Amino acid sequence: MNLSAGKKIIFDMDGVITGEERYWDAAALTVWELIFSERFLNIEHPSGLPVFKTGLSLREIAAVRRVIFCEDQVISFFKQRAVNSNWDLAFLTFSFQLLSLTRYLAGRGISFKDLYDGREGGLEKGITTGELSLMRSSLTAAGGDGWKPSFQDVLTDWAEEARGGELMKKLRNIFPPGYGQIFGKSGNAPSSSSLWKDTQEIFQEWYFGEEVFKVNYGKEPGVSGKEGLISREEPLIRVSAIKAALSELKRLGWKLGIATGRPMNELFHPLEQMDIWKYFDANSVVTFDKVTKVEKILGENFPLISLGKPHPYSFLKAYWGEEKSNRELASAAPPLPQQGMCWVIGDALADLLAAREAGASFIGVLTGHNGSNNKELFKNEGAEAILPDITCLPEFFTKDNL
Ligand SMILES: [Mg+2]
């Protein structure tokens, strides 16, 4: 019987090796486009924000993000509430402005039914981003531009104790009567709505840029001229230092794996560009698309199964590779690695919780969004070690720590 897949170190990516800065830029640009572009809500630009266009300077991108995320306070707000996906970050930020707009319209006696009655699919079908223009027309008919977005408003206590996916439900429930249907019929999670899917696609257009988007999606983007933020990705620490650390860990006999919320093509290209893909064992890499594929297959028997972190599946899969079946790894009592054979390196609570469930040892690094503020959290949650960044790993694994 094979009791071990050997010695492996599994890395989370964002906040550990890659930065999330370009994702946050893409999220801010997505919200900005949905609110101010002529194709969607077409609201008049407040001062401090560039007029909608697709070719932006770095300064203009920074200005958009500063306003939309209120100096990044909105990013912290959602991170602290365990929102891990940056698609969700864009969607929730935009939806909160939609909440404000629909309250404004409802206050003027304009109902969801007034706006969307008679449309194809009926009132039960959630709206698309293309149908946002109906709200715009109605706003004009109601007397012009009385409504303005206010990006600070999200930073209140509307979410109460809600975390992760619960935030979406919470938000839907506080829409004016009838307006929750913009996300589809009642009971439909906003994250499975047409608006979410459209928002994700606009995000991908900004992140990939026109040319890569066309290749990846096999269709034209909604608007041309986006340059792509992916080519501007920067590592969190010097590439030469990352390379030195990874190659030393390999020399010490560790196999290196990855468990990340990034899709494969958003992982491979930046790592290849930094010339560090070669250090990782391809059979020990688990990405967003792999996890959703398995969710779909297993979902036929277990609907609503969610295998993303903090579920231990992605770390277990990265550890065991093809040795164990997905059904075993997704089960309530999965096969665990032998003590000390599997180490997880992460920057967030979701990584620590997933690592613990996966029977792995956890090292928290302080290069994530919360920086050194995570020290206390990792300590209280029982991390085996807390290190400033991944360049400290070879020394840790050389000492008598194991
Ligand atoms: Mg991370």
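Residues numbered from 1 in each chain as written. Predicted model: local features only at pLDDT ≥ 70, side-chain atom pairs only at ≥ 80, totals over all residues.

**Observations concerning the overall build of the chain**
Convention followed: A run of H or I in DSSP counts as a helix once it spans at least four residues, and a run of E counts as a strand once it spans at least two, with each numbered from the N terminus. We call two residues in contact whenever the C-beta atoms placed from their backbones are within 7 Å.
Looking only at helices and strands, the chain features 16 helices and six strands. Overall, the chain is about 70 × 45 × 40 Å in size when its C-alpha atoms are taken along their principal axes. Long-range contacts, defined here as pairs at least 24 residues apart, represent 65% of the contacts in the chain between residues at least 6 apart.

**Looking at the domain arrangement of the chain**
Threshold: Domain ranges listed in this record stem from an automatic or a database domain assignment.
When the domains of the chain are assigned, the result is domain 1 (8-18 + 235-398) and domain 2 (21-217). Between the C-alpha centres of domain 1 and domain 2 there is a distance of 31 Å. Between domain 1 and domain 2, the residue contacts involve five residues of the former and six residues of the latter.

**A few points about the nonpolar core**
Stated precisely, the cut-off is as follows: Each nonpolar core consists of buried Ala, Val, Leu, Ile, Met, Phe, Trp, Tyr and Cys residues. Their C-beta atoms, within 7 Å, join them into a set. Once C-beta atoms are placed from the backbone, each residue is buried if 20 or more other C-beta atoms lie within 10 Å of its own, exposed if 12 or fewer, and partly exposed for counts between those two.
Counting residues in hydrophobic clusters, the biggest one holds 61 residues, and the most contacted among them are A27, A28 and V31. Every element with two or more residues in this core is listed here: α1 (21-36), α2 (58-68), α3 (73-80), α4 (86-107), α5 (112-116), α6 (133-141), α7 (166-173) and α8 (194-217). By size, the runner-up hydrophobic cluster in this structure holds 51 residues, among which are A5, W320, A358 and I363.

**A look at the sheet that holds strand β2 (residues 255-259)**
Rule in force here: Here, a strand pair is defined by DSSP locating no fewer than two bridges between the strands. Here an angle of 0 to 180 degrees is reported between the N-to-C directions of two axes, which are lines fitted to C-alpha atoms, with helices fitted over the stretch in contact.
Taken in spatial order, the six strands make up an open sheet running β3-β2-β1-β4-β5-β6, and their pairing is parallel. Looking at strand neighbours, the two that pair on one side only are β3 (285-286) and β6 (385-387), the edges of this open sheet. Pairing between strand β5 (residues 361-365) and β6: three bridges, direction parallel. Bridging from a neighbouring strand, V365 pairs with L387 of β6. In the packing of helix α14 (residues 349-357) onto the sheet, contacts are made with β4 (342-346) and β5, and the angle to β4 comes to roughly 170 degrees.

**Concerning the environment of S314**
Along the chain, S314 turns up in helix α12 (residues 313-320). The spacing of S314 and F288 is 26 residues in sequence and 9.0 Å in space, taken between C-alpha atoms. Excluding its chain neighbours within four sequence positions, the residues that come into contact with S314 are A259, V286, V291, L307 and K309.

**Considering α14**
By the burial criterion, the buried members of α14 are L349, D351, L352, A354 and A355. Residues of α14 that are buried in the fold lie against α12, β4, β5 and α15 (374-380). With its phi angle positive at about 70 degrees, G359 sits one or two positions after the end of α14.

**Considering α2**
Operational definition: Think of the arc as the fan of directions from the helix axis to the C-beta atoms.
Looking only at α2, the buried set comprises I61, V64, R65, V67 and I68. Along the axis of α2, the buried residues cluster in a sector spanning 165 degrees; they form a single face. Of the exposed residues in α2, those oriented more than 90 degrees away from the buried face are L58 and R59. Directly beyond the C-terminal end of α2, a positive phi value near 50 degrees is found at C70.

**Re the pairing of β4**
Residues in a regular strand project their side chains so that they alternate between the two faces of the sheet. Here is the rule: Here a crossover is taken to be right-handed if, once the strands point away from the viewer, the path from the first strand over the helix to the second is traced clockwise.
β4 sits mainly inside the fold: five of its five residues count as buried. Residues C342, V344 and G346 line one face of β4 and the alternating positions W343 and I345 line the opposite face, and both faces are buried. Note that strand β1 (residues 8-11) and β4 share four bridges and pair parallel. By the bridge assignment for β4, K8 is matched with C342. Relative to β5, β4 is paired through four bridges, and the arrangement is parallel. Looking across to β5, one finds that V344 is bridged to F362. Chirality of the crossover, the property in question, places the unit of β4, α14 and β5 among those that are right-handed.

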